[in-house]
Each structure stands twice: as C-alpha cells, then as structure tokens.
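Okay, here's what each chain looks like letter by letter:
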Amino acid sequence: MSTATPVPPTFELQGDDAMDTLRRTGWTRLLKDSFTRFRAADGTSHSRALAFQIMLTSLPGLIAIVGFTTFFNQGGFRKLFEKTAASLAPGPAGQIFHEAFHQGSNAASSSGRTALVLGSIAALTAAVTSMGQIERGANRIYGIEADRPTLKKYGVAFVLAITAGLMSVIAFVLFVAGGAVATSGPSAGWSHTLVTIWQIARWPIGILLMVAAISIILRASPNRHQPQLSWLAVGASVAVALWVVFTALLALYLGTSKNFGQTYGPLAGILGLLFWSFLTSLSLFLGIAFAAQLEAVRAGVPRPKRDAR
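Residues numbered from 1 in each chain as written. Predicted model: local features only at pLDDT ≥ 70, side-chain atom pairs only at ≥ 80, totals over all residues. Heavy atoms only, no water.

Q: What exactly am I supposed to notice about the side chain of serine 47 here?
A: Assignment of secondary structure puts serine 47 in helix H3 (residues 43-71). For serine 47, the residues in contact, after removing those within four places along its chain, are Phe38, Phe278, Ser281, Leu282 and Phe285. (Helix = DSSP H or I, 4+ residues; strand = E, 2+ residues; numbered from the N terminus. Contact = heavy atoms within 4.5 Å.)

Q: What am I meant to see in the pattern of salt bridges here?
A: Where charged atoms of side chains with opposite charge meet at close range, the side chains can pair. For the coordinates displayed, the defined rule picks out 8 salt bridges. Put simply, arginine 224 and glutamate 295 hold a salt bridge, and the shortest N to O gap is 3.2 Å. Taken together, the residues arginine 224 in the loop between helix H10 (192-220) and helix H11 (229-256) and glutamate 295 in helix H13 (residues 268-298) connect sequence positions 71 residues apart. Per residue, the accessibility class of arginine 224 equals that of glutamate 295, and both read buried. Each of Arg136, Arg140, Asp147 and Lys153 takes part in a single network of salt bridges with overlapping partners. (Salt bridge = Lys/Arg side-chain N within 4 Å of Asp/Glu carboxyl O. Buried < 20%, exposed > 50% of the residue type's maximum accessible area, 1.4 Å probe, protein only.)

Q: Sorry, what's going on with the packing of aromatic side chains here?
A: Within this structure, the stated rule accounts for 2 aromatic pairs. Between tryptophan 27 and phenylalanine 290, the ring centres sit 5.5 Å apart and the planes meet at 25°, which makes this aromatic pair stacked. In this pair, tryptophan 27 is assigned in helix H2 (residues 27-40) and phenylalanine 290 in helix H13, connecting sequence segments 263 residues apart. Overall, the relative accessible area of 1% leaves phenylalanine 290 in the buried class. Each ring, one from phenylalanine 35 and one from phenylalanine 38, has its centre 6.2 Å from the other, and the planes form 20°; the classification is stacked. A residue pair is termed a helical-turn pair when its members lie 3 or 4 positions apart in one helix, as phenylalanine 35 and phenylalanine 38 do in helix H2 at 3 residues. For phenylalanine 35, a relative accessible area of 43% translates into the label partly exposed. (Phe/Tyr/Trp six-rings, centres within 6.5 Å; stacked < 30°, edge-to-face > 60°.)

Q: In this structure, what is going on with the packing of H10 against H11? I would like to understand it.
A: Packed helices, taken two at a time, are described by the angle their axes make and the gap between the axes. Interhelical geometry of H10 versus H11 gives an angle of 120° and a closest axis separation of 8 Å. Accordingly, the angle class assigned to the pair H10 and H11 is oblique. For the element pair H10 and H11, the recorded crossing hand is right-handed. Residue-level contacts link Met210, Val211, Ile214, Ser215, Ile216, Leu218 and Arg219 of H10 to Leu229, Leu232, Ala233, Gly235, Ala236, Ser237, Ala239, Val240 and Trp243 of H11. (Axes fitted to C-alpha atoms, helices over the stretch in contact; angles between N-to-C directions. Parallel < 35°, antiparallel > 145°, perpendicular 65-115°, else oblique. Left-handed = near helix turned anticlockwise from the far one by under 90°.)

Rendered as structure tokens:
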C-alpha cells in the first residue's frame, strides 16, 4: 500500500517563495499532485472522521450559546440568533440547527446555567478531539507516521480549539448566516447604518478570519517544522476557496432538488448536515495537501507518493 512522500522540512520560507514556486510549477500540476498526495495519505477517511467530530461540536455549541443568552439575559441577541439558526447550513441541514436551538431553549428555560456549562464542556471536548483528528490527517499528508505524544497532542489541540476554532466559527457565521443576520438585525434593534456596515464588512472580515484560522492550523497541527504563516496562507486560501465552492454547490443542490427531501423525509436534515460537514473536512485536508505538495516541490521532492512495497 502506497503512502504520501515525506516532505523535507524547509526554513525561512515566506509568501513570496510560495508564489514563486507556484508560478514555476503551475496550478494544474500542483493541483493534480496535491490530489494524488491527498489520496495516498487516505485523506477521504480522515475527512469522514473529522466530519463526525464537526457534527459533535456544532450542536452542543449551539445549546451552549442558547444557555449563555438565557443565563446573562441577552434577549436581543437570543432573538437575533433564533431567526438565523436555520441559515447556519445549506438546505434541510439548517433545520437541524433550528431544532437544536429550540431544544437548547427548552433546557435553558429551566436552567440556563446547566445548558451553558454542559453545552460548553461537550462542544469544547469535541472541538479538541477535532483538532487532534486534524493533526493525524495532516501528519499523514506530510508523510509523517507518528503523532505527538498524547498529552502534547491534545494540549496543542486545546490551544487550536480556542483560537483557530473560534475564528473559524466567527468566519462561518459571517459567510453563511450573515445575510440572515442583516435581515433580522432591525427586529433586534440594529440601525440601518449598522446593517449596511455589516453587509459590506462581513465578506472581507470572514475571508481574512478563515484564511488566518486555517493558516494557524497548518502551522501548528503537523508534527514538524512548518514555514511562515505567509507561506501557509496559500494552502489556506485554496481550502477556503474549495469550501465556498462546495458549500454553494451543496446549497444549490439541496435547494433545487425535490427528490432529496422526498427520499429521506425527516432524515434529510441530518444527511444534509453530514454532507456539508464532510465537504468542509474535505476542503480543509485538500488545502493541507496543497500546502504540503507546494513545500515538497520547493524542497526538490515533487513526487507525491511512495510506491507500494
């Protein structure tokens, strides 16, 4: 069975070096070899595992937010969030978030503190495990067989969860639910000026946050020396671009397909969310593969996989 070729560590690489390597190699060649590296590292299996962790993180996190708004008596924010909950994922997948919001509301009405604490613990635990899964997948893509020791691995995962993870969530809300937030804003007391600023600023801020978050993940996750963030931003940009395209295509399919809802009935929301989580994970690992292959080419080892023995 073949595996991804190890990427030799390189030093002092920055964004200009990445663009120079990209121009000399060409997008077509790099994209093709990156996909080969992704397959050699069994990236699809890592994407499926991460998609499961995203599911486990998102729903408890939603309940934690509901508990927060109840415990701290943030009625305006809660009303705004309730109106945008169904926009957090494409098509029927958004109904899962909407139902989770009402479930969290029922739990929070009796004890907002309990919903806040338990939801936060469950979401943070799942987020840390997600970052651990990203390290495992990133290591295999870079051709590294061993992860960090357990305590160090999940220590790094914890730091990533509360930094890059939080940045990703904010960017995600800006991208996916930003329009719904703007529509619901006036009912929550937002002025016309504030709504206009939100509509314009959410796109560049969301893109910068997502690229920065994935760059941080790329820098810290693999168990190796990594180039500068400006170099890794190229791979992060590829991941963000793929995520936007995949999400848009899935939203188009779920929005126009009548057979999907008729076929799966009440399970349509769960399956839609699973598809979206998988495509999100796929985008991330393909972006990591692109960053790894770009560095491999610069190091003089362009072959993306080792031959089977």
